[in-house]
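If you want the building blocks of each chain, they are given just below.
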Amino acid sequence: MLLAVQPYPTTVDRSPAVVLRGPPLTAARTDRQDGRMRAAWYERQGPAEDVLEVGTMPSPEPAAGEVRVRLTVSGVNPGDLKKRQGWLGSAMPYRRVVPHSDGAGVIDVVGPGVDPTRVGRRVWVYGAQSYRQFGTAAEATVVPESLAVDLPDSVDDELGASLGIPGITAHRAVYADGPVAGRVVLVHGVLGAVGGMAARLAHRGGATVVGTVRRASDLADVPRDVVQHAVVLDASDPAAEIRAAAPGGVDRVIEVALSANADLDAEVARQGSVIAAYSSPADRPALPFWPLLFANVTLRLLGSDDFPRDAKQHAVRDLTEAAADGGLSVRVAARYPLGDIAAAHKAVESGIHNGRVLVTLP
Ligand SMILES: NC(=O)c1ccc[n+]([C@@H]2O[C@H](COP(=O)([O-])OP(=O)(O)OC[C@H]3O[C@@H](n4cnc5c(N)ncnc54)[C@H](OP(=O)(O)O)[C@@H]3O)[C@@H](O)[C@H]2O)c1
């Protein structure tokens, strides 16, 4: 997550932007002959409806080692909203930001040094707005070529646009501490974007997956082909249910809500287990220190923007392979045209659950 301390030089876009306001735009794509594209951006942080603008701006041109991707889908992640909101005091890292890091589309231009046969290839994109200014909420984005990954024919663009932040975070949460074959992996919030990917990756890796949801009404949506035991957290004794599924305790916990679940996690941990936490409702979670200590638990905290490079590359390989052979899927909750990007952000903010929110490009 890019916060107030910006280690990268700020670049200023002084190009005149034609800002289109009013009703959502559904017109055909901007004519690329004029060197411009439709995009969404913000130039100050704040509520979606106040700061997100949709208009045209110059199409980005790839520099050496970069590719330009003509996008079909842009994935909205909670982290995109946090950057736009100024979460934890984060400042604007650039004068203008085109949001969203994840997407899918087709490479239409390559920069010097990039294999020209990549032009025309379908790709999934990650990290487009991680320490970078112009993300995927646009008709095109430019990224270093390694961030545009060939998309197998069998994988649709919507899944491709969901592999980035959720997939890479899930992969590291599951695999940072070694293989999971024969292990029990507890995935909290198993219907979430990261949780869903984590459950599928853990299952694919040979683990027994125990998945939690907060409400009994969500049980029907739990994918039983990968989640062997589904537990409702609002039930009277979820720890007992998890223990019944894993009498020896769980080996790994993939944690979306550390402050909410720390006591439960301590109750079900086995000796030497790992809690891999990627989010927490409270900034300063209270931990049951002694139970965690007696179980020799490792607390692994995950910040996906800054995962080691080799971990990201490992994740990218595994995710692409898993997607290709049908081992991953995504449930789409809602699709919005680019002109309705503020509504897409508000849908994610409102806590829409059980699916991804996507922005579609014409
Ligand atoms: N650290 C990182 O690098 C990183 C990477 C990706 C995401 N994140 C963060 O992780 C969070 C989730 O991201 P996401 O994209 O997966 O969001 P998402 O698709 O909205 O999924 C969140 C899931 O967590 C569930 N949940 C919420 N509170 C829970 C609790 N106390 N116990 C169990 N499950 C709970 C939600 O269930 P309900 O539907 O019942 O609310 C939902 O299923 C966000 O805060 C995001 O910013 C961090």
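Here the structure is a predicted model, which means the values were calculated and not measured.

(A) A look at the overall build of the protein chain. When helices and strands are counted, the protein chain shows 10 helices and 16 strands. Reported as C-alpha extents along the three principal axes, the dimensions of the protein chain are approximately 65 × 40 × 40 Å. Across the 362 residues that make up the protein chain, the buried fraction comes to 46%. Once local pairs closer than 6 in sequence are excluded, the contacts in the protein chain between residues at least 24 apart make up 70%.

(B) Highlighting the confidence of the model for the protein chain. The share of residues in the protein chain with pLDDT of 70 or more is 91%, and the mean pLDDT across the chain is 91. For residues 1–31, every residue scores under 50 in pLDDT, and the model assigns this stretch 48 contacts once sequence neighbours within four places are set aside.

(C) Structural view of helix α10 (residues 341–349). Of all the positions in α10, only Ile341, Ala342, Ala344 and His345 are classed as buried. Buried positions in α10, seen along its axis, are confined to an arc of 160 degrees and lie on one side of it.

(D) Structural detail: the pairing of strand β10 (residues 208–213). Summarising burial for β10: 5 of the 6 residues are buried, a large majority. Direction of pairing for strand β9 (residues 184–187) relative to β10: parallel, over a ladder of 4 bridges. Bridge pairing in β10 places Val184 opposite Thr208. Regarding the hand of the β-α-β motif, the stretch spanning β9, helix α5 (residues 193–204) and β10 is right-handed. Inspection of the sheet shows β10 paired to strand β11 (residues 229–232) by 4 bridges, in the parallel sense. Its bridge partner being in β11, Thr212 is matched across the sheet by Val231.

(E) Highlighting unusual backbone geometry. Look at His100: it is not a glycine, yet its phi comes out positive at around 85 degrees. Turning to its location among the elements, His100 is positioned in the loop between α2 (78–85) and β5 (102–110). By C-beta crowding, His100 is classed as buried, having 33 other C-beta atoms within 10 Å. The backbone of Asn296 sits at a positive phi, close to 50 degrees, despite the residue not being glycine. Inspection of the secondary structure puts Asn296 in the loop between α8 (289–294) and β14 (298–301). The exposed category is assigned to Asn296, around which 11 C-beta atoms lie within 10 Å.

(F) Main features of the nonpolar core. Grouped together as the largest cluster of nonpolar side chains are 103 residues, with contacts concentrated most on Val185 and Ala198. The greatest single-element share of this core, amounting to 7 residues, is contributed by α5. Composition of this core by domain shows at least three residues from each of domain 1 (18–162 + 330–360) and domain 2 (166–305). Among residues more than four places away in sequence, those in contact with Ala198 are Ala170, Ala173, Val174, Val187 and Ile254.

(G) Quick peek at the domain arrangement of the protein chain. Each domain of the protein chain was delimited in the assignment, giving domain 1 (18–162 + 330–360) and domain 2 (166–305). Each of domain 1 and domain 2 has a C-alpha centre, and the two are 31 Å apart. For the side of domain 1 that touches domain 2, the residue count by class is 1 nonpolar, 5 polar and 1 charged.

Analysis parameters
Residues numbered from 1 in each chain as written. Predicted model: local features only at pLDDT ≥ 70, side-chain atom pairs only at ≥ 80, totals over all residues. Helix = DSSP H or I, 4+ residues; strand = E, 2+ residues; numbered from the N terminus. Buried ≥ 20, exposed ≤ 12 C-beta atoms within 10 Å, placed from the backbone. Contact = placed C-beta atoms within 7 Å. pLDDT = per-residue confidence, 0-100. Arc of directions from axis to C-beta. Pairing = 2+ DSSP bridges. Right-handed = clockwise from strand over helix to strand, strands pointing away. Core = buried A, V, L, I, M, F, W, Y, C linked by C-beta atoms within 7 Å. Domains from an automatic or database assignment. Nonpolar A, V, L, I, M, F, W, Y, C, P; charged D, E, K, R; others polar.

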